[in-house]
Amino acid sequence: MNMQSNPEFRRQLWLQLSATRLILAPVVIAIVVALLASTEPTSTAIHGTAWVALSLTVLFWGTSVVGTSIRDEITGRTWNQQRMSRLTPWQLTAGKLFGATSYVWYVALLCALVAIFSGRAASSAFGPHNTAIEYVFLLALGLFAHSVALMAPLAFQSGSGEARVSVPSIAVFALVFVAFQAAPLGVSRSGSDVINTEWFGMSTTPQLLAMWTALSLAAWGLLGAWRAMRQALQVRQIPWALPAFLAFMGVWVAGSVGPTDTSMLSRPLIGATLALALAAWVLMLWEPQSLFAWQRIRTHWAAGERTRAIAGVSAATSVVVCAVIGALIVAAVNAMSGGAEVAGAGSTGFFMQTAMSSKVSLASHAGAFLWLALVLLRDFAFTLMADTFTTSPKRRSAVILLYLLFMYVAIPAALQALSSEGSEWWLPTAHAAVPIVMALTTLLAMFGALMSQMPPSIVSTKS
């Protein structure tokens, strides 16, 4: 990665770094430090102020600058010129991420030097002996925030002008991931408190786990920003990044909060599958589908254009396919382990039991994941039908939401009212045989109804 040969990076440096700004930043910081030193004899106030300034500079100012650099290009109508230039997607990505924020990182470096030489630890959150961990955590989290800010305005800059869902989905699920992993940061506020946590059987500190989480998010953020830039430049790409990120998120969370009664193979598979399944339902509700898009995919595939056909697959479709494959793999692994069906689970649904409970033997609940694969396919078929019968995105979302409430709330509640074990006929809470048969029956019915609505060119065979 040679930044010197990157025209966009050099242009951003020319715009951001001037002699006046380079001199002004250390002068202002020196004045603030002098004022604090004159009012507070210890270095506590200086260190605290420097650390707060560093955090605000990296997380908020840098994020705003990155987002503004793209929005200004779009509103100033210079973005199309950059898209048609000879710049590669990575050159534009690196130029916006690191060139547009060059002055921000310059100010952050000055604040970090003040914090380091103030004679105090980096922060009390990680203890006085882990200053490097907190600096790495902050910088990695800042880079992730910058990447998300770059992805957001690019998400709607496709060649056809249609809104894309894949990129903002990465941002949403990443923020959920941060919420899951931010909890350990508040566990230990004192350097004398040493609290370890388990991650897939390995003992580590919450602070070290949070640092690796931030570094992982930074890497995924860079990947997402680069792919968003490729999308904006209309470079054909296979939709693998979002399912891979969701699977990674599920595996990472399963290592901390997953059930401990599963094998080292089943536990990450279950975490990845559940993350993909939950995201699949969200994307079904969010992202519009189209039977005509499937017709184009079929046409490209029949013409031998395999890459172009796969590139036309929507984000929801890719996530649903990966979730179904993951559920089938988990079911096969659990079935080969020789376990029996789980008994005694409550009627609240196996998802909460799978995600939260450590008392249910998930390794033997193979039928539940086979049921999960069937209902995912059934619900996705219904979303395709909903796009056929509805005329607006709001109506489509309302219809799908009502369908999900009917299938997963109303029907189990009605069956439970008829019989104390009625919900077990629909959801695999205690036994999965009957729910699997019901899911397969409804899937075939939904698939038949969908095929009847498809254009003739899709359902017809070769003439």
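Structural data are supplied above this passage.
Quantities reported herein were computed from a predicted structural model and do not represent experimental measurements. (Residues numbered from 1 in each chain as written. Predicted model: local features only at pLDDT ≥ 70, side-chain atom pairs only at ≥ 80, totals over all residues. Heavy atoms only, no water.)

Undergrad: Can you explain the overall build of the protein chain? Please cite residues and give values.
TA: A count of helices and strands for the protein chain gives 19 helices and two strands. Put simply, the protein chain has 463 residues, and 48% of those count as buried. The contacts in the protein chain between residues at least 6 apart in sequence include a share of 77% that link residues at least 24 apart. A total of about 22400 Å² of accessible surface is found on the protein chain, and carbon and sulfur atoms cover 68% of it. (Helix = DSSP H or I, 4+ residues; strand = E, 2+ residues; numbered from the N terminus. Buried < 20%, exposed > 50% of the residue type's maximum accessible area, 1.4 Å probe, protein only. Contact = heavy atoms within 4.5 Å. Areas by Shrake-Rupley, 256 points an atom, 1.4 Å probe, with all protein chains shown as cover.)

Undergrad: Describe the pattern of salt bridges, naming the residues involved and giving the relevant values.
TA: In this structure the tally under the stated criterion is seven salt bridges. In this structure, the salt-bridge partner of Glu73 is Lys96, at a minimum N-O distance of 3.1 Å. Pair noted here: Glu73 is in helix H3 (residues 44-75) and Lys96 is in helix H5 (residues 89-99), with a separation of 23 residues, a long-range link. Look at Glu73 and you get buried, because its relative accessible area is 9%. (Salt bridge = Lys/Arg side-chain N within 4 Å of Asp/Glu carboxyl O.)

Undergrad: Just give me the short version of the packing of helix H11 (residues 266-286) against helix H14 (residues 315-336), but keep the residues and values in it.
TA: Across the interface, H11 lies against H14 with an axial gap of 8 Å and an inter-helix angle of 150°. If you check the angle between H11 and H14, you find them roughly antiparallel. With respect to the hand of their crossing, H11 and H14 are arranged in left-handed fashion. Along its contact with H11, which presents Ser266, Leu269, Ile270, Thr273, Leu276, Ala277, Ala279, Ala280, Leu283 and Met284, the element H14 presents Ala315, Ala316, Val319, Val320, Cys322, Ala323, Gly326, Ala327, Ile329, Val330, Val333 and Asn334. For the contact of H11 with H14, the class distribution of residues is 18 nonpolar, four polar and no charged. (Axes fitted to C-alpha atoms, helices over the stretch in contact; angles between N-to-C directions. Parallel < 35°, antiparallel > 145°, perpendicular 65-115°, else oblique. Left-handed = near helix turned anticlockwise from the far one by under 90°. Nonpolar A, V, L, I, M, F, W, Y, C, P; charged D, E, K, R; others polar.)

Undergrad: Describe the side chain of Ser102, listing the residues and the values that go with them.
TA: Here Ser102 is to be found in helix H6 (residues 102-116). Ignoring sequence-local partners within four residues, the contact set of Ser102 consists of Leu13, Gln16 and Leu17.

Undergrad: Can you tell me about the side chain of Glu8, naming the residues and giving the values?
TA: Its location among the elements puts Glu8 in helix H1 (residues 7-16). Reaching out from Glu8, the side chain makes a polar contact with the side chain of Gln12 at a distance of 2.9 Å. When neighbours within four sequence positions are excluded, Glu8 is seen to be in contact with Gln82, Leu87, Gln91, Leu92, Gly95 and Lys96. (Polar contact = N/O pair within 3.5 Å; in protein donor to acceptor, adjacent residues only side chain to side chain.)

Undergrad: Describe the packing of H5 against helix H9 (residues 206-232), and please don't skip the residues or the numbers.
TA: When two helices pack together, their arrangement is given by the angle between the helix axes and by the axis-to-axis distance. One can describe the packing of H5 onto H9 by two numbers: an axis separation of 9 Å at closest approach and a directional angle of 125°. Taken together, H5 and H9 sit at an angle that is classed as oblique. Here H5 runs over H9; the crossing is right-handed. Across the interface between the two elements, Pro89, Trp90, Leu92, Thr93, Leu97 and Phe98 of H5 pack against Leu222, Ala225, Trp226, Met229 and Arg230 of H9. The class makeup of the residues in the contact of H5 with H9 is nine nonpolar, one polar and one charged.

Undergrad: Could you give me a rundown of a nonpolar patch on the surface, with the residues and numbers involved?
TA: Residues Leu17, Leu22, Ile23, Val27, Ile31 and Leu35 make up a contiguous nonpolar surface patch of roughly 510 Å² in combined accessible area. Its location among the elements puts Leu35 in helix H2 (residues 19-39). By relative accessible area, Leu35 is classed as exposed at 53%. (Patch = residues over 30% accessible without salt bridge, like charges linked within 9 Å, V, L, I, M, F, W, Y side chains within 5 Å.)

Undergrad: Tell me what's going on with the packing of aromatic side chains, and back it up with residues and numbers.
TA: Each aromatic ring pair is summarised here by two numbers: the centre-to-centre distance and the angle between the ring planes. A full pass over the atoms with the stated rule returns nine aromatic pairs. With centroids separated by 5.2 Å and ring planes inclined at 75°, the aromatic side chains of Trp51 and Tyr135 adopt a geometry described as edge-to-face. On the criterion of sequence distance, the pair formed by Trp51 in helix H3 and Tyr135 in helix H7 (residues 131-154) is long-range, its members being 84 residues apart. The same class applies to Trp51 and to Tyr135, which are both buried. Three or more aromatic residues joined by ring pairs make a cluster, and in this case those are Trp199, Trp220, Phe245, Phe248 and Trp252. Across from the ring centre of Tyr103, 3.9 Å away, lies the NZ or CZ of Arg21, which sits over that ring. (Phe/Tyr/Trp six-rings, centres within 6.5 Å; stacked < 30°, edge-to-face > 60°. Lys NZ or Arg CZ within 6 Å of the ring centre and 35° of its normal.)

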